[in-house]
Amino acid sequence: MADEQNTPTGPDFTAGIADADLADGAMLAGHVGKDAVLLARRGGEVFAISALCSHYHGPLAEGLLDGDHVRCPWHHACFSLRTGEAVAAPAFPPLDCWTIEQRDGRIVVTGKQTAKPKPRLKASDAAPRRIVIVGGGGAGFAAAEMLRRQEFTGEIAMLSSDSTPPVDRPNLSKDYLAGTAPEQWVPLRSEAFYKKKGIDLRLGTEAVSLDPRKQEVVLSDGTTLGYDRLLLATGAAPVRLPVPGGDQPHVHVLRSLADSRAIIAAAAGAKRAVVIGASFIGLEVAASLIARKLDVHVVAPEARPMERILGPELGEFVRTLHEEKGVVFHLEQKVEAIAGKRVMFAGGGGIEGDVIVAGVGVRPRVTLAEQAGLAIDKGVVVNGWLEAAPGIYAAGDIARWPDPHSGQSIRVEHWVVAERQGQVAALNMLGAATPFDAVPFFWSQHYDVPINYVGHAEAWDEIAIDGDIARKDCVVRYKQKGRTLAVASIYRDVDSLKAEVAMEQQRASGPR
């Protein structure tokens, strides 16, 4: 995360710049006093907003201008140039806007505006009185935040089985686990935020059953909670290794802040870590434990890490990248058992570790929805508006929705998708009739190498590579019958953003 206290660079916009120095469709970063400010021109209009993304402070001048919006190069947050509103996660706080004067052939920034972004929806007599959100992850948080952003004045109850308020889950396997991010960066908001916004956040609370007819949720203590609208955002649970010894307390999984804390505590004084699974989470954990100076071994059944998602070329690059940092791979090996600290291989042999982390996938938590009679297909089936049944919505890792880009019904386990679905579900619970048509996006960090991925490709018949993967400068397109389904990139941030916009503009169909 960037340091907001750094002195901004570039021209002083209070002194102004020549009108000719800002071409149509261009952006320019500068400052107003100590504030970093971005100028952008669209046709005859010039806008001035904060120059740093409110998510991780990415430099917006290096992003993409898209109509009267700007998209962040790092994690694809999107902001309105007119109001500063964060219109798409993973950013939530709005950006400041500044007033501009164009005089004597110069563009001058005269001061900060005090107006806040206006809600997109108008209050309705049919608005729900109470909305219940089951789940305290990214989708649940994003929904609650959007409801209050739209000035919903009814009750919001968020039921979370976690012991902590919603956290920035990607950080748990990346910077926080590596020891390069303090814990105060991890919560999405402080506990004071929920009190200020009137969000009844109930931690350590389990919803055990749901009655759609009565519009009630039954909690584990036997009490019931009525609702007018309900959002199921129960997320996914990490898979525990189904082998002898897989349930031992020193065999860790990573999903919650408590899980990450436990791994950090186990790593203290440890010499060797064994990571079971070469998924994104598994390899991010490996990189983080390398940063903590542990000897790291990765055990996985596939021939190349992440080949199923990224293809053989990027998979081989990822393997080489980790090996160069000291990771030892045991590929094409299945775990047969864990005897104390020793991970036993099915084909014989094994490896001992002071810390053992299993990153072998997750399963959507659909029990509540299934018991209520909702349609289940390896997830909760929803329509294009994320509605699973009248008045009941689902978002995040559990939701299977009709994707207008691939033309398929898909379920993905991406953080940004979960947050964006939570935002759309919130709008629809207020009657906005907004289809969910965002392009799936995720990012993965491996040491100093970020991999951005937009779209969704479960299978492809062609991989087109632009650039040089080995030199960490590439765009990789996954195609089926000539149509690009997904794009992965390394240090090609603008290309990644352009691919996202292109997919948004080439939808296979509308919601259904």
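Scroll up to find the structure this text is about.
Just so it is clear, the model here is predicted, and its values are computed rather than measured.

Scoring rules and cut-offs
- Residues numbered from 1 in each chain as written.
- Predicted model: local features only at pLDDT ≥ 70, side-chain atom pairs only at ≥ 80, totals over all residues.
- Heavy atoms only, no water.
- Helix = DSSP H or I, 4+ residues; strand = E, 2+ residues; numbered from the N terminus.
- Contact = heavy atoms within 4.5 Å.
- Pairing = 2+ DSSP bridges.
- Expected span 1.5 Å × (residues − 1).
- Buried < 20%, exposed > 50% of the residue type's maximum accessible area, 1.4 Å probe, protein only.
- Salt bridge = Lys/Arg side-chain N within 4 Å of Asp/Glu carboxyl O.
- Lys, Arg positive; Asp, Glu negative; His and termini not counted.
- Polar contact = N/O pair within 3.5 Å; in protein donor to acceptor, adjacent residues only side chain to side chain.

Mapped onto the secondary structure, Val424 falls in helix H9 (residues 415-429). The spatial distance from the C-alpha of Val424 to the C-alpha of Ala438 is 9.7 Å, given a sequence separation of 14 residues. If we ignore the near neighbours within four places in the chain, the residues touching Val424 are Leu386, Thr434, Pro435 and Phe436.

This part covers the pairing of strand E23 (residues 335-339). Strand direction decides the pairing type here: E23 and strand E24 (residues 342-345), joined by four bridges, are antiparallel. In the sheet register, Val335 faces E24, and the bridge partner there is Phe345.

Turning to helix H1 (residues 138-149), a few remarks are in order. Spanning twelve residues, H1 covers 16 Å between terminal C-alpha atoms, matching the ideal 16 Å at 1.5 Å per step. Counting buried residues along H1, twelve of its twelve residues qualify, which places the element largely inside the surrounding structure. Of the residues making up H1, those classed as buried are Gly138, Ala139, Gly140, Phe141, Ala142, Ala143, Ala144, Glu145, Met146, Leu147, Arg148 and Arg149. Following H1 by one or two positions, Glu151 has its phi on the positive side, about 65°.

In this section: the pattern of salt bridges. Overall, the coordinates contain 30 salt bridges when judged by the stated rule. A salt bridge links Arg120 to Glu85, with the shortest nitrogen-to-oxygen separation between them at 3.2 Å. Here the residue Arg120 occupies a position in the loop between strand E10 (106-112) and strand E11 (130-134), and Glu85 occupies one in the loop between strand E7 (78-80) and strand E8 (86-88), the gap between them amounting to 35 residues. Its salt-bridge partner being Arg420, residue Glu500 comes within 3.3 Å of it at the nearest N-O pair. Taken together, the residues Glu500 in helix H10 (residues 493-505) and Arg420 in helix H9 connect sequence positions 80 residues apart. Connected through shared salt-bridge partners, Asp66, Arg71, Arg420, Glu500 and Glu504 make up one network.

Note that the residue after Ala89, namely Pro90, is joined by a cis bond; omega there is 20°. Counting through the fold element by element, Pro90 comes out in the loop between E8 and strand E9 (98-103). Phi at Glu151 takes a positive value of approximately 65°, unusual for a residue other than glycine. Structurally, Glu151 can be placed in the loop between H1 and strand E12 (155-159). The exposed category is assigned to Glu151, whose relative accessible area is 55%. In this model, Lys481 sits at a positive phi of 55°, which is unusual for a non-glycine residue. Relative to the elements of secondary structure, Lys481 occurs in the loop between strand E36 (473-480) and strand E37 (483-490). We classify Lys481 as exposed; its relative accessible area is 79%.

A few words now on the side chain of Asp168. By the element assignment, Asp168 lies in the loop between E12 and helix H2 (169-173). No salt bridge forms around the buried Asp168; measuring N to O, its nearest opposite-charge neighbour Lys174 is 8.0 Å away. A distance of 2.4 Å separates a polar atom in the side chain of Asp168 from a polar atom in the side chain of Tyr56. Discounting chain neighbours no more than four positions away, the residues touching Asp168 are Tyr56, Val186, Leu188 and Trp415.

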